[in-house]
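# Tertiary structure, described
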Amino acid sequence: MENVFYTLKERGFVQQITHDEPLIRLLGEEKVTAYVGFDPTGDSLHVGHMLPIMALAHLQQAGHRPIAIVGGGTGMIGDPSGRTEMRQVLTRELIKHNIQGIKAQLAKFLDFSDDKAILLDNADWILPLNYIEFLREVGSQFSVNRMLTAECFKTRMERGLSFIEFNYMLLQAYDYLVLYRKYGCRLEMGGDDQWSNILAGADLVRRLEGEEAYGLTFPLLTTAGGKKMGKTEAGAVWLDPDKTSPYDFYQFWRNTHDADVERFLYLYTFLPVEEVKRLGSLKDNKINEAKKVLAFEVTKLVHGEEEAIKAKEASEALFGGANADESAAPSTEVQGNTIEEGINITELLLLTGLVSSKSEGRRLIKQGGIYLNGDRVDDEELIIGSEYIDDGKIVLRKGKKVFHNVYVK
RNA sequence: GGAGAGAUACCCAAGUGGCCAAAGGGGGCAGACUGUAAAUCUGCUGGCGAUGCCUUCGAAGGUUCAAAUCCUUCUCUCUCCA
């Protein structure tokens, strides 16, 4: 099998590595145990977490053993990296709850059977730590002078950094040490903002165990539009179907900027390199084909083939203008008599969540941004009665892309 | 602990008694153009029973016919000193 390092490199996963030659050799010669940590700051992962997950999946496919760490212990501290302000300190209960959600989602990407991949909560070894023992074993290995020069603390030096956060680096480094001792873990990966933390861990393993440990970071992705990957105006794009519907998830990928399509196909799908190259080279409106493939593949990965097909069909039906089944679009159910009595268009918009206030609804109508069953609405006082019900539902549209079905019970 | 500076809408940032629901920029939303893209141009961007009313300029009080603007207390942040 080809060395997985080259796969990762070719697909754009590699930003920095601690030692290139020895790491490549290691990955080519033996089964390597590698880990990535996830912050339990929410009960679902989002698109931003997919990069490390995909990397772990590639490693597993190449026969290596991934470890996913959920930071139940470090979550009690909060990583200051990349933050301008202190993180909110999470409660133990909340973290436990979040870990449950994250575990379930990771299982979609990694095979945890027979210890082919391992999921751990670092609370197991961090919470029982004895302060003095920890300081003597781990703390003594760190130079404050050096820590202060680390990039991750620089921004915080200006805005203030509390002692609890300053300790975060030691704890993450300790994770690596524990994993090395228990599982022989030799590689830690993470976002490029984790570089300092990863180096600290690799250093610690080398100092205390005399063994070379490696680190690799992923690029921090921004879209061609300059936004943080996985964030939209509406917030993060979640992997949890209750937070982001498969249809919206599909649409998120379908709306990828032209310039990002190839890069994303490499990173977020398992399509072979030749196929990605072919799709990525499509020009002008042909590239829409590539976007469809991207959207379908990623949706399939996260929500399964059935949901992916539904999302794709719904999308094509809605944008194709056909009257096909658009059931995958977000929907709201209303009581039949609400419509029979007649409801103001702005009330209905508010009800569906398409707008957050009636004023916003009126504004949109005034600007010609609201469509009812395909026709533009120009009267903001329009009363919607049963004559608008078509096939048991009313189709609302905001702008060009946001569809919403209103089902009448 | 001492001295100073500051806190304005989603973000940055003007405003220092009425003309302020609050300039400007960013972001966002919509329209035009398109390929469900980008770029560009245009409009909008606190709420409501709407030519009026209500809430909003860190919090709570006070002065005034009138406060984001003045006074008092409090909370938080930053800078310098120890």
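Residues numbered from 1 in each chain as written. Chains lettered and ligands numbered in written order. Predicted model: local features only at pLDDT ≥ 70, side-chain atom pairs only at ≥ 80, totals over all residues. Heavy atoms only, no water.

### Topic: the pairing of strand E2 (residues 33-38)
- For E2, the tally of buried residues reaches five of six residues, placing the bulk of the element in the interior.
- Read from E2 through helix H3 (residues 50-61) to strand E3 (residues 65-70), the crossover connection turns out right-handed.
- Across three bridges, the pairing between E2 and strand E5 (residues 187-191) is parallel. By the bridge assignment for E5, Tyr35 is matched with Glu188. (Buried < 20%, exposed > 50% of the residue type's maximum accessible area, 1.4 Å probe, protein only. Helix = DSSP H or I, 4+ residues; strand = E, 2+ residues; numbered from the N terminus. Right-handed = clockwise from strand over helix to strand, strands pointing away. Pairing = 2+ DSSP bridges.)

### A closer look at the nonpolar core
- In this structure, Met50, Met189, Phe249, Trp253 and Tyr268 are the most contacted members of the largest nonpolar core, which totals 65 residues.
- It is H3 that provides the largest number of residues to this core, a total of eight residues.
- When residues of this core are assigned to domains, at least three fall in each of domain 1 (4-218) and domain 2 (231-320).
- Contacts of Met50, omitting those with residues within four sequence positions, involve Phe109, Leu239, Phe249, Trp253, Tyr268, Val298 and Val302.
- Among the nonpolar cores identified, the runner-up in size contains 31 residues, and Ile67, Trp125, Met169 and Leu179 belong to it. (Core = buried A, V, L, I, M, F, W, Y, C linked by side-chain atoms within 4.5 Å. Domains from an automatic or database assignment. Contact = heavy atoms within 4.5 Å.)

### A word on the domain arrangement of chain A
- Taken domain by domain, chain A comprises domain 1 (4-218), domain 2 (231-320) and domain 3 (331-408).
- Domain 1 and domain 2 are separated by 29 Å when their C-alpha centres are compared.
- Across the boundary between the two partners, domain 1 contributes 18 residues, which contact 22 residues of domain 2.
- Of the roughly 1800 Å² buried between domain 1 and domain 2, counting both surfaces, carbon and sulfur atoms make up 66%.
- Here domain 1 and domain 2 share one salt bridge between them.
- Between Asp43 and Lys243 there is a salt bridge, and its shortest N-O distance comes to 2.6 Å.
- Run the count over domain 1 and domain 2 and you get eight residue pairs in polar contact (both at pLDDT 80 or more).
- When contributions to the side of domain 1 that touches domain 2 are tallied by element, the ones reaching two or more residues are helix H1 (4-11) and H3.
- Ranked by the residues each element gives to the side of domain 1 that touches domain 2, the list is headed by H3, at six residues. (Buried area = accessible area lost by both parts, 1.4 Å probe. Salt bridge = Lys/Arg side-chain N within 4 Å of Asp/Glu carboxyl O. Polar contact = N/O pair within 3.5 Å; in protein donor to acceptor, adjacent residues only side chain to side chain.)

### Re the packing of helix H15 (residues 287-303) against helix H16 (residues 305-320)
- Contact pair H15 / H16: the axes reach a minimum separation of 7 Å and the direction vectors enclose 145°. For the pair H15 and H16, the sense of crossing is right-handed. For the pair H15 and H16, contact is made by Lys292, Phe296, Thr299, Lys300 and His303 and by Glu305, Glu307, Ala308, Ile309, Lys312 and Glu316, respectively.
- The class makeup of the residues in the contact of H15 with H16 is three nonpolar, two polar and six charged. (Axes fitted to C-alpha atoms, helices over the stretch in contact; angles between N-to-C directions. Left-handed = near helix turned anticlockwise from the far one by under 90°. Nonpolar A, V, L, I, M, F, W, Y, C, P; charged D, E, K, R; others polar.)

### Looking at the sheet that holds strand E4 (residues 118-121)
- The mixed open sheet is built from six strands, whose spatial order is E1-E6-E5-E2-E3-E4. The strands lining the two open edges of the sheet, one partner per strand, are strand E1 (16-17) and E4.
- The pairing of E3 with E4 spans four bridges and is parallel. Bridge pairing in E4 places Ile67 opposite Ile118.
- Strands in contact with helix H2 (residues 20-29) are E1, E5 and strand E6 (214-218); relative to E6, the strand with the most contacts, it is inclined by about 95°.

### Topic: the pairing of E6
- Counting buried residues in E6 gives five out of five residues, a clear majority hidden from the surface.
- The two faces of E6 match: Tyr214, Leu216 and Phe218 on one face and Gly215 and Thr217 on the other face are all buried.
- Taken together, the two bridges between E1 and E6 define a ladder with antiparallel strand orientation. Within E6, the residue paired with Ile17 across the bridge is Leu216.
- For the crossover from E5 across helix H11 (residues 195-209) to E6, the handedness is right-handed.

### Regarding the environment of Glu2
- Along the chain, the position of Glu2 falls in the segment before H1.
- The exposed category is assigned to Glu2, whose relative accessible area is 52%.
- For the pair Glu2 and Glu188, spaced 186 residues apart in sequence, the C-alpha to C-alpha distance is 21 Å.

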